[in-house]
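Remarks on the overall topology
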Amino acid sequence: MRRVLLHLGLHKTGTTAAQSFLYDNRELIWPHFALVLPYRTRKSGLSRAATNHSVYGTVGTLSEFGTQVRDFLDSIDFGGKRGLIVSEENFAGLRPSRNIENGYATAPELAACLVDAIRHRLSGQEVEITIYLSLRQRGGWLRSLWAHDLERIRQVHDFEAFRSNMDHLPPLQDTVDQIRDRLPSVTVTAEWLEELQLRRYGPGTPFAEYLDLPRDKAKLLVQPTKVNSRLPEDVLVELLDLNRSRLDEAALIEQKKAIIERAKGALIGTT
C-alpha cells in the first residue's frame, strides 16, 4: 500500500521546525517516501498557484492549481513501493494576515484538489492518504502572524489593532473540521504546537511517528536544527516604528534587516 501524508500547515504553527525535521532526516526518509518541501513547491510555482486560488477563488484558479499539481506529481519517482510526504503551509492558502477577507476558506477545495491529483497519479494502486494540520492557540498564533508581518512587510498596526482586524476569522480547528467534512474518505488529523513543543522531536514528532521506521533506523532520527525564534518585544516595537516612518522601501528593508540580524545574533549569544 502506498502511504501519503499531506501536511498543509497551518502558518505559524511550527512549520519551519517540521520541515527542518523532514529535511534533516531526508536520507532516512527517502527509501520509504518521496519528500516534497517548500523549496520545490515554491520554485515550481505550485505554492503561488495555491495562494492565488485562496485569494481569487475562481474555477480557473483552482483548475490551474490542479493542472500544476498533476504535472508536478508526474515528475516524482515513486519507485515500486515509495509513498509521499508533502509539507507546504501555502497549500492551505495565503497566510490569513495577507488574506484577511478569506482566511483559510478555500483550504478544503485545495486539499480536495491535491487528493484528486494524487489518486489520479497512483490510479489502480491501493493508496492511504492522511492530511495533517498543525494548530496553535489563537493568541499566540495571531501574535506570531503579526510579528512575521512586522518583519516581512510594512505592517503599521500595533498588535491590538491587528488582532481586532482578524477577529472575524474562525478558529483554526474549523479549518480541520471543514477539510474532514469535504474528504470523508481521507484521514484528517491535527496536533497543537503547544503540546508538540513538549515532545521529543517538537513539531517533527507527528512525522517521526508516521514514518514508523524499524527501531534501528528510528533511533537515528535527529531533532530539527531550524526553528523560528521569537523576537523580543522591544525589537518588535522598533520594527513597528520603522514601518510607520517615512523611509523609502529600500532603506526600510535595509534597516529592518540590520535590526533583525542583530536581535537574532543576541538570541544565540553572538554579536
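Notes on the structure follow. (Residues numbered from 1 in each chain as written. Predicted model: local features only at pLDDT ≥ 70, side-chain atom pairs only at ≥ 80, totals over all residues. Heavy atoms only, no water.)

Quick notes on helix α8 (residues 159–166)
Every buried residue of α8 is listed here: Phe-159, Phe-162 and Met-166. Projected down its long axis, α8 carries its buried residues within an arc of 60 degrees, all on one side. Contact partners of the buried residues in α8: α7 (138–152). Here α8 starts with a cap whose side-chain oxygen sits 3.3 Å from the backbone nitrogen of Glu-160, and that cap is Asp-158. (Buried < 20%, exposed > 50% of the residue type's maximum accessible area, 1.4 Å probe, protein only. Helix = DSSP H or I, 4+ residues; strand = E, 2+ residues; numbered from the N terminus. Arc of directions from axis to C-beta. Contact = heavy atoms within 4.5 Å. Polar contact = N/O pair within 3.5 Å; in protein donor to acceptor, adjacent residues only side chain to side chain.)

A few points about the sheet that holds strand β1 (residues 2–7)
Within the open sheet, the 5 strands sit side by side as β2-β3-β1-β4-β5. Their pairing is parallel. The outermost strands of the open sheet, each flanked by one partner alone, are β2 (33–36) and β5 (187–192). Along the sheet, successive strands turn relative to each other by an average axial angle of 15 degrees, direction set aside. Direction of pairing for strand β4 (residues 127–135) relative to β5: parallel, over a ladder of 6 bridges. Bridge pairing links Leu-133 to Ala-190 in β5. Relative to the sheet, helix α9 (residues 172–182) contacts β4 and β5, its axis offset from that of β4 by approximately 165 degrees. (Pairing = 2+ DSSP bridges. Axes fitted to C-alpha atoms, helices over the stretch in contact; angles between N-to-C directions.)

Focus on the pattern of salt bridges
Here the structure, examined in full by the defined rule, presents 14 salt bridges. In this structure, Arg-42 engages Glu-89 in a salt bridge whose closest nitrogen and oxygen atoms are separated by 3.5 Å. You can see Arg-42 sitting in helix α3 (residues 38–43) and its partner Glu-89 sitting in the loop between β3 (83–87) and α6 (107–121), a full 47 residues away along the chain. Judged by its relative accessible area of 41%, Arg-42 is partly exposed. Between Arg-154 and Glu-249 there is a salt bridge, with its nearest N and O atoms 2.6 Å apart. Taken together, the residues span a long stretch of sequence, with Arg-154 in the loop between α7 and α8 and Glu-249 in helix α14 (residues 249–267) at a distance of 95 residues. Judged by relative accessible area, Glu-249 falls into the partly exposed class, the value being 43%. Shared partners join several salt bridges into a network, and the residues in it are Arg-42, Glu-88 and Glu-89. (Salt bridge = Lys/Arg side-chain N within 4 Å of Asp/Glu carboxyl O.)

Quick notes on the pairing of β3
The side chains of a regular strand alternate, residue by residue, between the two faces of the sheet. Along β3, 5 of the 5 residues are buried, which leaves the element largely enclosed by surrounding structure. Neither face of β3 is left uncovered, since the one carrying Gly-83, Ile-85 and Ser-87 and the one carrying Leu-84 and Val-86 both have all their residues buried. Where β1 meets β3, 4 bridges bridge the pair, whose relative direction is parallel. Counted as the bridge partner of Val-4 is Leu-84 from β3.

Structural notes on the pairing of β1
Within β1, 5 of the 6 residues are buried, which leaves the element mostly enclosed by the surrounding structure. As judged from the 6 bridges shared by β1 and β4, these two strands associate in the parallel manner. The partner of Arg-3 across the bridge, within β4, is Glu-128.

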